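Each chain, written out:
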Amino acid sequence: MQKTLLLVDGSSYLYRAFHALPDMRNAANEPTGALYGIINMLRRLRIDYPAAYLACVFDAKGKTFRDDMYADYKATRASMPEDLVKQITPIHAAVRAMGWPILMVEGVEADDVIGTLTVQAVAHGMDAVVSTGDKDLAQLVNDHVTLINTMNNEKLDRAGVIAKFGVPPERIVDYLTLIGDTVDNIPGVAKVGPKTAVKWLAQYDTVDAVIANAANIGGAVGENLRQVLDWLPKAKELVTVKTDCDLSAHMVSIPESLKAPEQDKDTLIELFTRYNFKTWLRELSGPGDTAVVAEGAGKTADNDSVAKSAQGGAEPAQSSLFSKVERHYETVLTEAQLDQWLKRIDGATLTAVDTETTSLEPMTAQLVGISLCCEVGTAAYIPVAHRYQDAPAQLSREFVLEKMRAWLEDDSKPKVGQNLKYDSHIFANQGVNLRGIVHDTLLESYVFESHRSHDMDSLALRHLNHQTITFQEVCGKGASQIGFDEVEIGRATEYAAEDADITLQLHLAMWPHIVDDAKLRFIYEEIEVPTSVVLQKIERNGVLIDASRLATQSNELGKRMLEIEQQAYDLAGQPFNLSSPKQLGEILFEKLKLPVVKKTPSGSPSTDEEVLQKLAEDYPLPKVLLDYRSLSKLKSTYTDKLPKMVNQNTGRVHTNYAQAVAVTGRLASNDPNLQNIPIRTAEGRRIREAFVAPEGSVIVSADYSQIELRIMAHISGDENMLRAFAEGVDIHRATAAEIFGTPAAEVTSEQRRYAKVINFGLIYGMSAFGLAGNLGIERAAAQMYIEKYFMRFAGVKQFMDETRVQAKAQGYVETVFGRRLWLPEINSPNGQRRQGAERAAINAPMQGTAADLIKLSMIAVQNWIETDRLKSKMIMQVHDELVLEVPQDELELVRVKLPQLMAGVAELRVPLIAEVGVGKNWDEAH
DNA sequence: CTGCTAGCATA
DNA sequence: GTATGCTAGCAGA
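Fair warning: this is a prediction, and the values are worked out from it, not measured in the lab.

As a further point, take the overall build of chain A. Helix and strand counts for chain A come out as 38 helices and 24 strands. Across its three principal directions, the C-alpha atoms of chain A cover 110 × 65 × 60 Å. Contacts in chain A between residues at least 24 apart in sequence constitute 68% of all its contacts with a sequence separation of at least 6. Total accessible area on chain A is roughly 39700 Å²; 50% of this is exposed by carbon and sulfur atoms. One way to put it: in chain A the 98 positive side-chain charges average out to a point 4 Å from where the 124 negative ones average out.

In structure tokens:
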């Protein structure tokens, strides 16, 4: 592999970091902003550009040759602010401790040192990557030297330089000579800016040639040019970066002198302690830092609420880095513009992609425009289907997609987006298969802060301190809402290009929080991102529904409901709306004077199932209502609704899996929800009969057996429970045997039922009160069972206590794989809320680990299907169950392999077991 | 038309 | 007692 030398223009970042970050200070009131910014930047760099050889170059004190040849060199530059001066020493110390050789050469500017090193590196057969915020260094770029700007993710190779400046790298010196450099106080030609410089260079090629032809250039600028003919050669020398400096006094040889040393952990701990970078510190001293050290990186600020409040605002969102970036948004209306953007994104390290469409329904929405951003602040919007009075001519949807297809479908062109699963559908609707999804800001936020909101507007506000243009501002709301295709293109560009720009910035802001944390990184890279790709496929596969069967059921249900309705009217002595809890309450509790069993949170008498069940013991009407309710639920939610959700094009039902809503890591299914299709009652199960396989295929369902209890056994390490699972016995029976102190063979069905309720209660963080309610026994009796349980399963008790402690101490609990589940209310002064959070804390590791496991299963199964080119397809996920549609000739294969894959995704202290069922429909497959 | 409550389907 | 999403009714626009 090609060796790479990674060079950082430390000086160029000093000022930028200092000015971009707010005034941060440690307890001793020492300024820390620039220090924080530089450390953060170097860490990110090491991750994004792994290189064996490194150097961070700073300007040294003292005059340089430029000062000697030009008295006013940098004359306009103010002296370094005192707060920055104070940070220089710690910055150098930190850079060194992080394992970066530092180069400071007296009498030679950092630029010249870098220039010289790149030339030497190339001479040694290496490539060089130069990280700088200074565009002047573009002159160093060639086939082996690339420029990157970590502040805005910009990457400049030869093509990039041409795209950005309009001239190739070897003409950058000429270009800068003509324009001048106000920062260094080097004048160029008055009134000549980038446009004119590019024009002249296109015509005459070099500054020397421009000078030679000065007499032929007309206009005021021609006159200005002739005024400075004598100066230009000197300006050219000033802006030229030297590549032949003598560095022999500072290094033995290239590249050995620049081999990255190990990071100096002790010094880093000292520095991070002194400057109060707690999160980095925690990572250095905490567990899991082996992986981190191996990458030569520590841990970045996580800005969680705990950290923030605890340290009074040190480690701010690095977002502020971007708030000052100048914005340049372009509407792409011509083929030439599109070509230029294609060139840019083709060479980009990462491109933010966003689509604008006619609706939010992923399977039917039509593409209206595409926005792109591969450099912070610079984005494009490509409208392809805006249609309103006098809309300008646009490139057609088909044309743009064909031009972009190669890039969109290229797995090696890295893309980021906000919920790219949606955009993937939009592209798929047009026959384009989006590949190369390496990041998704929705998932980054979800993995980083499970409990917070993940919509782009909130994220921008939180991480970038930026208020985005909202969809509502652009399209209005309610009846007067217009489609995005009716939005004026200029306005659409402001909105859409900003979305892509913000997406890229959000990634840059959130990624450091994940990349340095081995566990979060695993969850993100190995679970969430691949899961989103799999989900998109499952959603697209869809489920075949026997609509006529459901219609028949709807009819029957309707008839029976009418009969029941009549009975209810007779019993009530008047007609009323059975679906209205309010009217029902009046009938039951006012007219018929039935006793109020419990009240709703709002104070009215409850009429829920539990209440009606109780009242049904003594009165006829409640029973009738229970029947009505169950039928009505089935009809309205399922048998009426599902046929309406069949996609006209595919003839199937396509749910949408929400990947970032459930705080435990579970998926949620909506439009329609396929995760709550009835199963408990015979009546309800008939709906599953309508979930069918097409001719020649069958439905295969595989579900994890007792997954959450197994996870509890694993996490708690409780010996009794582990043994029960290891022996493969009936877990509820085993539990009953322990609690009631009888041999397993003598456990009664009543005892087993109790044990089962207790087992479930445990998973939910049960209290004696809750258990009593559920079993219909006294609270004291319930308490006794719980105590008995904890005596026999002491490991479980210990796990629960420890989980509560951990949750309170750090504000979150973790799954087995390290997913963080935040519990904002765990220390709430409100007892009710706090106890709620405690129960959630108990439940979350189990529910969350189960979610991790089945996501890993989905990835494994999809991978298998694609590798072996099977025709079987996943069509649903229901928390612990995967449902596939399998052609007959693949049945035996799937039947064996599917549960193996599911059981094999992780090695826990208990065996994982997946049970398979097969049938013509989903009901039979269970 | 929007947002809320009550109730109920699933794991 | 955990985690979700959807429906109907109803109140206030």
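Let's pick the thread back up.
Here we come to the packing of aromatic side chains. The full count for this structure, using the stated rule, is 20 aromatic pairs. Look at Phe 272 and Phe 277: their rings are 6.1 Å apart centre to centre, the planes differ by 65°, and that puts the pair in the edge-to-face class. Each member of the pair, Phe 272 as well as Phe 277, carries the same accessibility label: buried. Relative to Tyr 495, the ring of Phe 471 lies with its centre 6.2 Å away and its plane at 65°, an arrangement referred to as edge-to-face.

This part covers the protein's contact with DNA strand C. Of all residues adjacent to DNA strand C, which total 33 residues, the nearest are Asn 577, Ser 580, Lys 641, Asp 671 and Phe 769. Here DNA strand C approaches the protein such that, of its atoms within 4 Å, sugar and phosphate make up 76%. With respect to DNA strand C, the side chain of Lys 641 contributes an N or O atom lying 2.7 Å from a phosphate oxygen. A distance of 3.0 Å separates a base nitrogen of DNA strand C from a polar atom in the side chain of Asn 774. Those elements giving two or more residues to the surface near DNA strand C turn out to be helix 25 (581-591), helix 27 (621-639), strand 17 (668-670), helix 33 (749-763), helix 34 (768-775) and helix 37 (831-867). For the surface near DNA strand C, a count of residues per class yields 10 nonpolar, 17 polar and 6 charged.

Further remarks concern the sheet that holds strand 1 (residues 4-9). Pairing in this open sheet of 6 strands is mixed, and the strands run 3-2-1-4-5-6 from one edge to the other. Only two strands of the sheet have a single neighbouring strand rather than two, namely strand 3 (102-103) and strand 6 (154-156). Here strand 4 (residues 127-131) runs beside strand 5 (residues 145-149); their pairing, made up of 4 bridges, is parallel. Counted as the bridge partner of Ala 128 is Val 145 from strand 5. Across the sheet, helix 2 (residues 33-48) touches strand 1, strand 2 (53-57), strand 4 and strand 5, and the angle it forms with strand 1 is around 165°. The strands touched by helix 5 (residues 110-123) are strand 1, strand 2, strand 3, strand 4 and strand 5; relative to strand 1, the strand with the most contacts, the crossing angle is about 175°.

This part takes up unusual backbone geometry. Of note, the amide linkage connecting Asp 671 to Pro 672 takes the cis form, showing an omega dihedral of -5°. Locating Pro 672 in the fold gives a position in the loop between strand 17 and helix 29 (682-688). Even without a glycine there, the phi angle at Asn 29 is positive, about 65°. By the secondary structure assignment, Asn 29 is in the loop between helix 1 (10-20) and helix 2. Of note, the phi angle at Asp 205 is positive, near 80°, even though the residue is not glycine. The partly exposed category is assigned to Asp 205, whose relative accessible area is 42%.

All right, on to helix 32 (residues 731-740) then. Counted residue by residue, helix 32 has 8 buried out of 10 residues, so it is predominantly covered. Taken together, the buried positions of helix 32 are Ile 731, His 732, Ala 734, Thr 735, Ala 736, Ala 737, Glu 738 and Ile 739. At its buried positions, helix 32 is contacted by helix 30 (707-716), helix 31 (719-727), helix 33 and helix 35 (779-792). For helix 32, the N-terminal cap is Asp 730; the gap from its side-chain oxygen to the backbone nitrogen of His 732 is 3.0 Å. Count one or two residues on from helix 32 and you reach Gly 741, which has phi positive near 65°.

Our focus in this paragraph is the nonpolar core. In this structure, Phe 576, Phe 691, Met 712, Met 721, Tyr 789, Leu 853 and Leu 884 are the most contacted members of the largest nonpolar core, which totals 120 residues. Leave out the neighbours within four places in its chain, and Leu 853 touches Tyr 704, Ile 707, Ile 711, Phe 817, Val 905, Ala 906, Leu 908 and Leu 912. Within the second largest apolar cluster, 57 residues are counted, among which are Ile 172, Val 173, Leu 232 and Leu 238.

Time to look at the pattern of salt bridges. Taken as a whole and judged by the stated rule, the model has 56 salt bridges. Members of the salt-bridge network, linked through shared partners, are Lys 797, Asp 801, Arg 804, Lys 808 and Glu 838.

Before going further, it helps to examine the protein's contact with DNA strand B. Among the 22 residues in the neighbourhood of DNA strand B, the closest are listed as Thr 600, Ser 602, Thr 607, Glu 609 and Ile 679. Within 4 Å of the protein, the contacting atoms of DNA strand B are drawn from sugar and phosphate to the extent of 80%. At a separation of 2.7 Å, a phosphate oxygen of DNA strand B approaches a polar backbone atom of Glu 609. Sorting elements by how many residues they give to the surface near DNA strand B places helix 27 first, with 3 residues. The residue inventory of the surface near DNA strand B, partitioned by class, reads 7 nonpolar, 8 polar and 7 charged.

Moving on, we come to the environment of Tyr 388. Inspection of the secondary structure puts Tyr 388 in the loop between strand 12 (378-383) and helix 17 (397-408). What makes Tyr 388 partly exposed here is its relative accessible area of 22%. As a C-alpha pair, Tyr 388 and Asp 485 span 97 residues in sequence and 7.5 Å in three-dimensional space. Those residues in contact with Tyr 388, other than ones at most four positions away along the chain, are Asp 485, Glu 486, Val 487, Glu 488 and Ile 489.

This next bit is on the pairing of strand 12. In terms of burial, strand 12 is a largely internal element, 6 of the 6 residues being buried. By the alternation rule, side chains of strand 12 split into Thr 378, Ala 380 and Ile 382 and Ala 379, Tyr 381 and Pro 383, which are all buried. The pairing of strand 9 (residues 328-331) with strand 12 spans 4 bridges and is classified as parallel. Among the inter-strand pairings, Glu 330 is bridged to a residue of strand 12, identified as Ala 380. Bridging between strand 11 (residues 367-375) and strand 12 involves 6 bridges; their strand directions are antiparallel. Bridging from a neighbouring strand, Glu 375 pairs with Thr 378 of strand 12. Connecting the antiparallel pair strand 11 and strand 12 is a turn made up of 2 residues, with Gly 377 showing a positive phi of about 90°.

Okay, the packing of helix 7 (residues 172-179) against helix 8 (residues 194-204) next. Where helix 7 meets helix 8, the closest approach of the two axes is 9 Å, and the angle between their N-to-C directions is 130°. With respect to each other, helix 7 and helix 8 are oriented oblique. Where helix 7 crosses over helix 8, the two elements pack in a sense that is right-handed. Between helix 7 and helix 8, the contacting residues are Asp 174, Tyr 175, Leu 178 and Ile 179 on the first element and Pro 194, Ala 197, Val 198, Trp 200 and Leu 201 on the second.

Let us now look at the domain arrangement of chain A. Taken domain by domain, chain A holds domain 1 (1-168 + 242-315), domain 2 (321-516), domain 3 (545-651) and domain 4 (708-844). Taking the mean C-alpha position of each, domain 1 and domain 4 sit 51 Å from one another.

A few words on the sheet that holds strand 12. Spatially, 6 strands are ordered 9-12-11-10-13-14 in an open sheet, and the strand pairing comes out mixed. Edge positions in the sheet fall to strand 9 and strand 14 (437-440), since each has one partner strand and no second. Going across the sheet, the axis of each strand differs from the next one's by a mean of 25°, ignoring polarity. Sheet analysis places strand 10 (residues 351-357) next to strand 13 (residues 415-417), joined by 2 bridges and oriented parallel. Considered in strand 13, the bridge of Thr 351 is made with Lys 415. Seen against the sheet, helix 22 (residues 489-515) touches strand 9, strand 10, strand 11, strand 12, strand 13 and strand 14 and runs at an angle of roughly 45° to strand 11.

A few words on the pairing of strand 10. With 7 of 7 residues buried, strand 10 lies mostly within the body of the structure. Residues Thr 351, Val 353, Thr 355 and Thr 357 line one face of strand 10 and the alternating positions Ala 352, Asp 354 and Glu 356 line the opposite face, and both faces are buried. Pairing of strand 10 with strand 11, which is carried by 6 bridges, proceeds in the antiparallel orientation. Note that in strand 11 the partner of Glu 356 across the bridge is Gly 369.

A word on helix 22. In a regular helix each residue adds 1.5 Å, so 27 residues correspond to 39 Å; helix 22 covers 37 Å between its end C-alpha atoms and thus fits that length. The axis of helix 22 is deflected most strongly, by about 30°, at Ala 509, and proline Pro 512 appears within four residues downstream. Its side-chain oxygen placed 2.8 Å from the backbone nitrogen of Gly 490, Glu 488 serves as the N-cap of helix 22.

Right, let's talk about the side chain of Thr 64 for a bit. Inspection of the secondary structure puts Thr 64 in the loop between strand 2 and helix 3 (65-69). Those residues in contact with Thr 64 that sit more than four places away from it in its chain are Tyr 73, Gly 107, Val 108 and Glu 109.

Cut-offs applied
- Per chain, the residues get numbers from 1 upward, laid out in the order the sequence is written.
- Chain letters and ligand numbers both follow the written order, the letters beginning at A and the numbers at 1.
- The model is predicted, so local features are restricted to residues of pLDDT at least 70 and side-chain atom pairs to those at 80 or more, both for listing and for counting; the totals for chains, interfaces and linings are taken over all residues.
- Side-chain measures were taken over the full set of non-hydrogen atoms in the model, leaving aside hydrogen atoms and water.
- The helix and strand labels rest on DSSP assignments: H or I over at least four residues marks a helix, E over at least two residues marks a strand, and numbering proceeds from the N terminus.
- Working rule for contacts: check all heavy atoms of both residues, and any pair within 4.5 Å makes them a contact.
- In short, Shrake-Rupley with a 1.4 Å probe defines the accessible areas, and a residue's cover is counted only from the protein chains shown.
- Positive residues here are Lys and Arg, negative ones are Asp and Glu, while His and the chain termini are left out of the count.
- Charge positions come from single atoms, namely NZ of Lys, CZ of Arg, CG of Asp or CD of Glu.
- The pairing test for Phe, Tyr and Trp rings, Trp by its six-membered ring, is centres within 6.5 Å, and the orientation test on the planes gives stacked under 30 degrees, edge-to-face over 60, and tilted for anything in between.
- The classification of residues rests on relative accessible area computed with a 1.4 Å probe and restricted to protein chains. Under 20% of the type maximum is buried, over 50% is exposed, and intermediate values are partly exposed.
- We call a residue near a molecule or strand as soon as one heavy atom of that residue lies within 4 Å of the molecule or strand.
- Under this definition, polar contacts are N or O atom pairs within 3.5 Å; protein pairs additionally need one hydrogen-donor-capable and one acceptor-capable atom, and for neighbouring residues in sequence, both atoms have to be side-chain atoms.
- Three classes are used: nonpolar for Ala, Val, Leu, Ile, Met, Phe, Trp, Tyr, Cys and Pro, charged for Asp, Glu, Lys and Arg, and polar for all others, with Gly counted as polar.
- Two strands are counted as paired when DSSP detects at least two bridges linking them.
- Here an angle of 0 to 180 degrees is reported between the N-to-C directions of two axes, which are lines fitted to C-alpha atoms, with helices fitted over the stretch in contact.
- By convention a nonpolar core is built from buried Ala, Val, Leu, Ile, Met, Phe, Trp, Tyr and Cys residues, the set being connected through side-chain atoms within 4.5 Å.
- Counted as salt bridges are all cases of a side-chain nitrogen of Lys or Arg within 4 Å of a carboxyl oxygen of Asp or Glu.
- Here roughly perpendicular refers to angles of 65 to 115 degrees, roughly parallel to angles under 35, roughly antiparallel to angles over 145, and oblique to all remaining angles.
- Working rule for handedness: look at the near helix, and if it is turned counterclockwise from the far one by less than a right angle, call the crossing left-handed; if clockwise, right-handed.
- Each domain's extent is set by a domain assignment, obtained either automatically or from a database.
- Helix span is expected to be 1.5 Å times the residue number reduced by one.
- The angle between axes fitted to the seven residues ending at a residue and the seven residues starting there is what we call the bend at that residue.

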